[in-house]
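Examining the three-dimensional arrangement
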Amino acid sequence: DALFTAFYEAAPSLQHLFKTSRTVLAGRFFRGIHQIILSLQDGKEAKQVVETLGFRHLELEVTGPRVACFREAVLEFFNA
């Protein structure tokens, strides 16, 4: 929840992209990160996990600036 609070504060104009509650989003985010970390020993599996996560976002307009904003919020959260 704290991660998405940081993100919403950093980029309030992007809040509309997230349709579910912060708690649900946080759970999904950390499960996704967990899946990626577990798959890193096998390049093919890692590629499949990342592609699957990417396909879940096809309905969104994912742009460089939006990704950069989200990345910065995540890095700030983990560095705090």
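Owing to the predicted nature of the structure, the values given are computational and were not obtained by experimental measurement.

1. A short note on the pattern of salt bridges
Within this structure, the stated rule accounts for two salt bridges. For Glu-51, the salt bridge goes to Lys-47, with nearest N and O atoms at 3.8 Å. One end of the pair is Glu-51 and the other is Lys-47, both in helix H3 (residues 43–55) and four residues apart, which spans about a single turn. On the basis of relative accessibility, which here comes to 53%, the residue Lys-47 falls in the exposed class. With a closest N to O distance of 3.3 Å, Arg-71 and Glu-72 form a salt bridge.

2. Some points on helix H1 (residues 2–10)
Residues of H1 that are buried: Leu-3, Phe-4, Phe-7 and Tyr-8. The arc enclosing the buried residues of H1, seen along the axis, measures out at 130 degrees, which places them on a common side. Taken together, the buried residues of H1 touch helix H2 (22–39) and helix H4 (64–79).

3. Points about the layout of surface pockets
By volume, the largest pocket amounts to about 1,100 Å³. Lining of the largest pocket is provided by 29 residues; of these, Phe-18, Phe-29, His-57, Leu-60 and Phe-70 occupy positions nearest its centre. Elements with a minimum of two residues in the lining of the largest pocket: H1, H2, H3 and H4. The dominant element in the lining of the largest pocket, judged by the number of residues it contributes, is H2, at eight residues.

Rules of the game
- Residues numbered from 1 in each chain as written.
- Predicted model: local features only at pLDDT ≥ 70, side-chain atom pairs only at ≥ 80, totals over all residues.
- Heavy atoms only, no water.
- Salt bridge = Lys/Arg side-chain N within 4 Å of Asp/Glu carboxyl O.
- Helix = DSSP H or I, 4+ residues; strand = E, 2+ residues; numbered from the N terminus.
- Buried < 20%, exposed > 50% of the residue type's maximum accessible area, 1.4 Å probe, protein only.
- Arc of directions from axis to C-beta.
- Contact = heavy atoms within 4.5 Å.
- 1 Å grid on protein atoms, 1.4 Å probe; cavity = no way out; pocket = protein on both sides within 12 Å on 5 of 7 lines; lining within 4 Å.
- Points joined across faces, edges and corners; volume = space filled by probe spheres on them.

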